[in-house]
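Given next are the chains, with one letter for each unit.
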Amino acid sequence: MQTRPLGDTGHDSSVMTFGAIALNWLEQEGANQLVEHVLDYGVNHFDVAPEYGDAELKLGPKLRQHREEIFLGCKTQERTYEGAWRKLDRSLNRLGVDSIDLYQVHGLEYDEELDAITGDDGALAAFREAKEQGLIDHIGLTSHGDPDLILDALDRIDDLETVMFPLNPVVAGKDDDEYDYEAVLARAEEQNVGTLGIKAFAAGSWPSTDELSEADRPFANWYRPVTAPDEIRERFDFAAARGLTSVISAGDPKLVTMILEAAADYDGMDEAAQRSLIERVRHDDSPVPEQLHH
Amino acid sequence: MDVPHTVTTALDDRSVAGKRCLEAGAGVGNATAGLLANGADRVYAVTNDRDHARTTRRRVAEAGVGVDDGGDRNDDTGDRLTVLEADLRAVPLPDGSVDVITAHGLCNVLDPAALSAVAEEFSRVAAPGAQLVVDDYDPPPDDAAIGELFAVENAASELARGRPALTFYPAAFLRRFFVGHGWEFERERTLLEPVPWTESHVSAHVERAASTAAKCPDEPGDALAATARRLKSEIESESVGRMYGLAFRLPD
């Protein structure tokens, strides 16, 4: 599988990152098998979080067995110094490892949170201490919030080495600033910050729970995913061709093999084909009737 | 409203800011929005379709169309856009009065006779040094399912009105055609490949074919309408063919 430099970290990440939340939906034996399967394809970057049910615990055994082959990303939703230390300790314990390669501020949404993490008593102070102590190697941030907030974070956090954000043809087709993750991608590239893409496989939201209860959803993803092999391949190619360092696999284990296949075969996607995909989803979505043309 | 990437790509190497523009065949306002977003001083969006005129006005007004400029430019959008309901074979603008002409997805709805007349008008209203942007579709490949639907649409149109609904001119054809009208060719790029004919496009073409078929003599009209409806469920959607963008300039 193709690898790309993850910003200034010195690590070359596989063009697909394994979203280890998928392990949460499997028993331990199945989880072990999935990790072996993912490694067989050449994936060398894993991403996990304490919020993903038992994913940390289920990743543990195979992570420890293959520790040298896996660049491990983990994250915390804590915004304070104390909270971040507590969660880091807990993740290290649950994963059963001595260190985490990339520790990320998880799901930044509001300006006040950026103020909080960058403050004297903020999470980043804990991150930096942990880095000095060799418990983590690199600092990152994840957000599916306002792109402007991520840009602010890139301005304000000097030692930020990776950012994780949504990128897919649905958001790429929207002009509003609230979807302008392309600006984040461009800025990160300028600053040589690694970029990790989420929601590459999102087709749309789930129907309301009145129409379809959570228990009746056929996939474990937060969003309704594309599920056909061709669509998965197009979505992967699109995200990777936009210039992300690595595309994170969808959270449902049923989709992982298709994404691995797409990632292993990845060979670029030209711009006319990228626009074709953007146009297709824009029209699938469009409220304007009677469009004969593009 | 979101400016389609086809439009942004067709315009991104064109100089539009501060220019007087003619958007020929306004459609649902996509290219108009692109021109305004790129800082056009004035856009004359010309269409002979009342619904299109209305849709263009409404969408541009609703969006404010400043797009990425933080809203500063939005206030004067109303002043910068003029939607004209007119026939492109007789554009209600004076000679030499526009600096940029866009024909985004226009030529395929013009039969050869209409295309010739429209090209004459482009040459007339263009100021010396004006730019012309022509975006259209190569003919779909022979084995494309969507081609059958276009054939039905054309058959109905020929029977009802004596001319085709759609003519897909190859890029090389329009390039030589406009050069023949005095334009200097500047560049060609591929806007879409493959072209995504989505369910909404397919159903719009089916509706168009069926409503035209209703104006045909009874027996063939009914057969064409029924065929169009059958093709809707058969095709669903298809990604096939190429949309291209040509750019020309009028010598000073």
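Predicted model only: the values in this text are computed from it and were never measured. (Residues numbered from 1 in each chain as written. Chains lettered and ligands numbered in written order. Predicted model: local features only at pLDDT ≥ 70, side-chain atom pairs only at ≥ 80, totals over all residues. Heavy atoms only, no water.)

**Q** Explain the overall build of chain B to me, using residue names and the numbers behind them.
**A** Across its full length, chain B holds nine helices and nine strands. The C-alpha radius of gyration of chain B comes to 18 Å, within 12% of the 18 Å expected for a compact globule of 252 residues. When the backbone C-alpha atoms are referred to their principal axes, chain B occupies close to 55 × 40 × 30 Å. Long-range pairs, those at least 24 residues apart, make up 82% of the contacts in chain B with a sequence separation of at least 6. Computing the positive centroid from 26 side-chain charges and the negative centroid from 42, chain B places the two 4 Å apart. (Helix = DSSP H or I, 4+ residues; strand = E, 2+ residues; numbered from the N terminus. Rg over C-alpha atoms; globule rule 2.2 N^0.38 Å. Contact = heavy atoms within 4.5 Å. Lys, Arg positive; Asp, Glu negative; His and termini not counted. Charge placed at Lys NZ, Arg CZ, Asp CG, Glu CD.)

**Q** Summarise the overall build of chain A; cite the residues concerned and give the values.
**A** Along the backbone of chain A there are 11 helices and 12 strands. Taken over C-alpha atoms, the radius of gyration comes to 19 Å for chain A, in line with the 19 Å a tight globule of 294 residues would show. Structurally, chain A occupies a C-alpha span of about 60 × 45 × 40 Å along its principal axes. The proportion of buried residues among the 294 residues of chain A is 57%. A separation threshold of at least 6 residues defines the contact pool for chain A, and within that pool the share at least 24 residues apart is 74%. When the accessible surface of chain A is totalled, it reaches about 12,000 Å², and 42% of it is carbon and sulfur. (Buried < 20%, exposed > 50% of the residue type's maximum accessible area, 1.4 Å probe, protein only. Areas by Shrake-Rupley, 256 points an atom, 1.4 Å probe, with all protein chains shown as cover.)

**Q** Break down the packing of helix 8 (residues 199-213) of chain B against helix 9 (residues 218-235) of chain B for me, with residues and values.
**A** Residues and elements named next belong to chain B. Running from amino to carboxyl end, helix 8 crosses helix 9 at an angle of 170 degrees, the nearest separation of the two axes being 8 Å. Considering their axes alone, helix 8 and helix 9 lie roughly antiparallel with respect to each other. For the pair helix 8 and helix 9, the contacting residues are V202, S203, V206, E207, A209, A210 and A213 in the first and G221, L224, A225, A228, R229, K232 and I235 in the second. (Axes fitted to C-alpha atoms, helices over the stretch in contact; angles between N-to-C directions. Parallel < 35°, antiparallel > 145°, perpendicular 65-115°, else oblique.)

**Q** Break down the environment of W206 of chain A for me, citing the residues and quoting the values.
**A** Residue and element names in this part refer to chain A. Turning to its location among the elements, W206 is positioned in the loop between strand 10 (202-204) and strand 11 (224-225). By relative accessible area, which is 12% here, W206 ends up buried. In the structure, W206 is positioned 190 residues away from M16 in sequence and 25 Å away in space, judged by C-alpha atoms. Beyond its immediate sequence surroundings of up to four residues, W206 is in contact with L212, R217, P218, F219, N221, W222, Y223, R224 and P225. Looking at W206, its side chain comes within polar contact range of the main-chain oxygen of N221, at 3.1 Å. At 3.2 Å, the side chain of W206 and the backbone oxygen of Y223 are in polar contact. (Polar contact = N/O pair within 3.5 Å; in protein donor to acceptor, adjacent residues only side chain to side chain.)

**Q** Got a sec to walk through empty space enclosed by the protein? Specific residues and values, please.
**A** Tallied over the full model, the rule gives one cavity of 30 Å³ or more. Quantified by volume, the largest cavity comes out at close to 40 Å³. (1 Å grid on protein atoms, 1.4 Å probe; cavity = no way out; pocket = protein on both sides within 12 Å on 5 of 7 lines; lining within 4 Å. Points joined across faces, edges and corners; volume = space filled by probe spheres on them.)

**Q** Any details on the packing of aromatic side chains? Residues and values, ideally.
**A** This model, assessed by the stated rule, comprises 14 aromatic pairs over all chains. Plain terms: the ring middles of F165 of chain A and Y181 of chain A are 6.2 Å apart, the flat faces sit at 10 degrees to each other, and that makes the pair stacked. Of this pair, F165 of chain A sits in strand 8 (residues 160-166) while Y181 of chain A sits in helix 8 (residues 181-190), and the two are 16 residues apart along the sequence. A ring pair is formed by F150 of chain B and W197 of chain B, whose centres lie 5.3 Å apart and whose planes are at 75 degrees; its orientation type is edge-to-face. Here F150 of chain B, found in helix 6 (residues 145-161), pairs with W197 of chain B, found in strand 7 (residues 196-197); they are 47 residues apart in sequence, far enough to count as distant. (Phe/Tyr/Trp six-rings, centres within 6.5 Å; stacked < 30°, edge-to-face > 60°.)

**Q** Report on the sheet that holds strand 1 (residues 20-24) of chain B, specifying residues and quantitative values.
**A** Residue and element names in this part refer to chain B. The strand order across the open sheet built from seven strands is 3-2-1-4-5-9-6, with neighbouring strands paired in mixed fashion. The sheet is open, and its two borders are formed by strand 3 (81-85) and strand 6 (184-192), each paired with just one other strand. In this sheet, adjacent strand axes meet at a mean angle of 15 degrees when their direction is disregarded. Sheet analysis places strand 1 next to strand 2 (residues 42-47), joined by five bridges and oriented parallel. Opposite L22, over in strand 2, you have Y44 as the bridge partner. The sheet strands contacting helix 3 (residues 50-63) are strand 2 and strand 3, and the helix crosses strand 3 at an angle near 170 degrees. On top of the sheet, helix 5 (residues 112-125) reaches strand 1, strand 4 (98-104) and strand 5 (126-137); it is set at about 145 degrees to strand 5, its chief contact. (Pairing = 2+ DSSP bridges.)

**Q** Tell me about helix 11 (residues 271-285) of chain A, residues and numbers included.
**A** An α-helical turn contains 3.6 residues, so a residue and the one three or four places further along point in the same direction. Residues and elements named next belong to chain A. With 15 residues, helix 11 should cover 21 Å at 1.5 Å per step; its first-to-last C-alpha distance of 21 Å lies within 8% of that length. With 11 of 15 residues buried, helix 11 lies mostly within the body of the structure. Taken residue by residue, helix 11 has A272, A273, Q274, R275, S276, L277, I278, E279, V281, R282 and H283 as its buried positions. (Expected span 1.5 Å × (residues − 1).)

**Q** Before we move on, could you go through unusual backbone geometry and cite the residues and values that matter?
**A** Residue P194 of chain B is reached from E193 of chain B by a cis peptide bond, and omega for that bond is 0 degrees. With respect to the element layout, P194 of chain B can be found in the loop between strand 6 and strand 7. Of note in this structure, N192 of chain A is not a glycine but carries a positive phi near 55 degrees. Turning to its location among the elements, N192 of chain A is positioned in the loop between helix 8 and strand 9 (194-198). Owing to a relative accessible area of 39%, N192 of chain A belongs among the partly exposed residues under this scheme. Although it is not a glycine, E236 of chain B sits at a positive phi angle of roughly 60 degrees.

**Q** Before we move on, can you summarise the sheet that holds strand 4 (residues 45-47) of chain A with the specific residues and values?
**A** In sheet architecture, strand pairing relies on hydrogen bonds along the backbone and comes in two forms, parallel and antiparallel. All names here are of chain A. Strand order in the closed barrel formed by eight strands is 3-4-5-6-7-8-9-12, and the pairing between neighbours is parallel. Averaged over all pairs of adjacent strands, the angle between strand axes in this sheet comes to 30 degrees, irrespective of strand direction. Inspection of the sheet shows strand 3 (residues 16-19) paired to strand 4 by two bridges, in the parallel sense. By the bridge assignment, G19 is partnered in strand 4 with D47.

**Q** So what about helix 10 (residues 253-265) of chain A? Which residues, and what values?
**A** All names here are of chain A. Under the 1.5 Å per step criterion, the end-to-end length of helix 10 is 19 Å for 13 residues, consistent within 8% with the ideal 18 Å. Those residues of helix 10 hidden inside the fold are in contact with strand 3, helix 1 (28-40), strand 11 and helix 9 (229-241). Among the residues of helix 10, the N-terminal cap falls to D252, whose side-chain oxygen and the backbone nitrogen of K254 are separated by 2.7 Å.

**Q** Please give an account of the interface of chain B and chain A that cites residues and values.
**A** Interface size is often expressed as the accessible area that is lost when the parts come together. Facing the 34 residues of chain B at the interface are 23 residues of chain A. Across the interface of chain B and chain A, roughly 2,600 Å² is buried in total on both sides, 50% from carbon and sulfur atoms. Considering only the side of chain B, the residues that lose the most area to chain A are D2, H5 and H201 of chain B, jointly responsible for 24% of the buried surface there. On the surface where chain B and chain A come into contact, there are zero salt bridges. Where chain B packs against chain A, one counts 17 residue pairs in polar contact (both at pLDDT 80 or more). Breaking the side of chain B that touches chain A down by element, the ones donating at least two residues are helix 1 (5-11), strand 6, strand 7 and helix 8 of chain B. Looking at which element gives the most residues to the side of chain B that touches chain A, the answer is helix 8 of chain B, with six residues. Taken together, the residues that form the side of chain B that touches chain A break down as 15 nonpolar, 13 polar and six charged. (Buried area = accessible area lost by both parts, 1.4 Å probe. Salt bridge = Lys/Arg side-chain N within 4 Å of Asp/Glu carboxyl O. Nonpolar A, V, L, I, M, F, W, Y, C, P; charged D, E, K, R; others polar.)

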